[in-house]
Amino acid sequence: MPTLHDRVLAARTRIDDAARTAGRDPSEVRLLLATKTQDVATVLEAVLATTEIAADRGDDGAALIGENRVQELVAKAPDLADLVAAGRLEVHMIGNLQRNKINQMLPTVTGLASIDRLPLAEAVAQRCTRAGRVLDVMVQVNVSAESSKSGASPSDATALATAVSALDGLHLTGFMTIGANTSDEAEVRAGFARLREVRDEVLASGAPGTSDARELSMGMSTDLELAVAEGATTVRVGTAVFGERPAA
């Protein structure tokens, strides 16, 4: 049976191969471990594997994990705090965030990838300003228009990103999406291409605070190759590393 280290290495290899196929430098694409439902011991083991693999590649950057649920984030936070403080781990919130959970989230996260509406952004910005910090954030875009997914529509995303970039306490770093739930690879890839277009529209606008909004968080275990081909800078991998999650 493959070890957790083996599975992390396999995910990293898939990313590298996809980048080379697309004529890109593999170092341009980060691996985010989606750690939803995983216990903290497993998370720490996966982070260690990621760090070891990165070192073998000559990459001394921080490992990156993403949590979908604030309650899980808070439960794991004490065991992750030393790694975060040492700059060896970044922790992103990648799931839907309710406004009443912002204060619980903030002490642990280094980034928030799921800003999908201005009132939420304003609430997060207010809390960050009070805490005297600036939080890296991404605007989530629903490129597939599926009702089951959160995110601003592509037509509204540029205006939302511009508004978010103007808020004190927030640093807009890019955009996030979840690929279409279909076996049609052309449709999935078109959605990723649309997110790239949104990003490019925002950068071209020259609006204050948007110059760093270059990141594209897109692609997961089933479609990461398509996302990398369309310019992903971060792919979020859960199942391919940790296996199928138990039914909710």
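Look a little higher up for the structure.
Described below are features of the structure shown in this document. As the structure is a computational prediction, the values presented were derived from the model and not from experiment. (Residues numbered from 1 in each chain as written. Predicted model: local features only at pLDDT ≥ 70, side-chain atom pairs only at ≥ 80, totals over all residues. Heavy atoms only, no water.)

**Topic: the packing of helix α2 (residues 40–56) against helix α3 (residues 70–85)**
Reasoning step 1: Where α2 contacts α3, the two axes come as close as 10 Å, and the packing angle between them is 25 degrees. With respect to α3, the axis of α2 lies roughly parallel. Like other packed secondary-structure pairs, α2 and α3 cross with a definite hand, here right-handed. Of the residues in α3, those in contact with V40, V43, L44 and V47 of α2 are K76, D79, L80 and L83.
Reasoning step 2: Across the contact of α2 with α3, the residue classes break down as 6 nonpolar, no polar and 2 charged. (Axes fitted to C-alpha atoms, helices over the stretch in contact; angles between N-to-C directions. Helix = DSSP H or I, 4+ residues; strand = E, 2+ residues; numbered from the N terminus. Parallel < 35°, antiparallel > 145°, perpendicular 65-115°, else oblique. Left-handed = near helix turned anticlockwise from the far one by under 90°. Contact = heavy atoms within 4.5 Å. Nonpolar A, V, L, I, M, F, W, Y, C, P; charged D, E, K, R; others polar.)

**Some words on the side chain of E67**
Reasoning step 1: Note that E67 resides in strand β2 (residues 63–67).
Reasoning step 2: For E67, a relative accessible area of 1% corresponds to the buried category.
Reasoning step 3: Engagement of the side chain of E67 in a polar contact is seen with the side chain of K76, the distance being 2.6 Å.
Reasoning step 4: For E67, the residues in contact, after removing those within four places along its chain, are T35, K36, E72, L73, K76, H92, M93, I94 and G95. (Buried < 20%, exposed > 50% of the residue type's maximum accessible area, 1.4 Å probe, protein only. Polar contact = N/O pair within 3.5 Å; in protein donor to acceptor, adjacent residues only side chain to side chain.)

**Description of the nonpolar core**
Reasoning step 1: Ranked by internal contacts, the top residues of the largest apolar core, which has 67 residues, are M105, L112, V124, L135, V164, L170 and F175.
Reasoning step 2: The residues contacting V124, other than those within four sequence positions of it, are L97, I102, L112, I115, L135 and L170.
Reasoning step 3: In terms of nonpolar packing, the next biggest core, distinct from the first, is built from 7 residues, L32, A34, L64 and A113 among them. (Core = buried A, V, L, I, M, F, W, Y, C linked by side-chain atoms within 4.5 Å.)

**Notes on helix α1 (residues 4–21)**
Residues three or four positions apart in an α-helix share a direction because the helix packs 3.6 residues into each turn.
Reasoning step 1: For α1, spanning 18 residues, the distance from its first C-alpha to its last is 26 Å, which sits close to the expected 26 Å at 1.5 Å a residue.
Reasoning step 2: Looking at α1, one finds that the buried residues are L4, V8, A11, R12, I15, D16, A18 and A19. Seen from one end, α1 has its buried residues packed into an arc of 165 degrees, which puts them on one side. In α1, the exposed residues that point more than 90 degrees away from the buried face are R20 and T21.
Reasoning step 3: Buried-residue contacts for α1 involve β1 (30–34), α2, α8 (224–229), β8 (234–237) and α9 (239–242).
Reasoning step 4: Following α1 by one or two positions, G23 has its phi on the positive side, about 75 degrees. (Expected span 1.5 Å × (residues − 1). Arc of directions from axis to C-beta.)

**Observations concerning the side chain of T234**
Reasoning step 1: Secondary-structure assignment places T234 in strand β8.
Reasoning step 2: A residue is classified by how much of its surface remains accessible, and T234, at 6% relative accessible area, is buried.

**Topic: the environment of T13**
Reasoning step 1: Structurally, the position occupied by T13 is in helix α1.
Reasoning step 2: Here the alpha-carbon distance between T13 and P26, two residues 13 residues apart in the chain, equals 9.3 Å.

**Looking at the environment of G58**
Reasoning step 1: The topology assignment puts G58 in the loop between α2 and β2.
Reasoning step 2: According to the relative accessible area criterion, G58 is exposed, its value standing at 68%.

**What to know about the pairing of strand β3 (residues 89–93)**
Reasoning step 1: Of all 5 residues that make up β3, 4 are buried, and the element is covered over most of its length.
Reasoning step 2: Handedness of the β2-α3-β3 crossover: right-handed.
Reasoning step 3: Alignment of β3 against strand β4 (residues 111–115), held across 2 bridges, turns out to be parallel. Across the sheet, the residue bridging to H92 is G111, located in β4. (Right-handed = clockwise from strand over helix to strand, strands pointing away. Pairing = 2+ DSSP bridges.)

**Considering the pattern of salt bridges**
Reasoning step 1: In this structure the tally under the stated criterion is 16 salt bridges.
Reasoning step 2: As a salt-bridge pair, E225 and R14 come within 2.8 Å of each other at their nearest N and O atoms. Of the two residues, E225 sits in helix α8 while R14 sits in helix α1, which places them 211 residues apart along the sequence.
Reasoning step 3: Since its relative accessible area comes to 32%, E225 is described here as partly exposed.
Reasoning step 4: Given the relative accessible area of 26%, R14 is considered partly exposed.
Reasoning step 5: The residue K76 makes a salt bridge to E67 at a minimum N-O spacing of 2.6 Å. The exposure classification of K76 matches that of E67, with both residues buried.
Reasoning step 6: What emerges from the salt-bridge pattern is a single network uniting E67, R69, E72 and K76. (Salt bridge = Lys/Arg side-chain N within 4 Å of Asp/Glu carboxyl O.)

**Things to note about unusual backbone geometry**
Reasoning step 1: Phi is positive for T37, which is not a glycine, with a value near 75 degrees.
Reasoning step 2: As for its placement among the helices and strands, T37 is situated in the loop between β1 and α2.
Reasoning step 3: Residues other than glycine seldom take positive phi values, yet A145 does so here, at roughly 60 degrees.
Reasoning step 4: With respect to the element layout, A145 can be found in the loop between β5 (135–140) and α6 (154–165).
Reasoning step 5: Judged by relative accessible area, A145 falls into the exposed class, the value being 66%.

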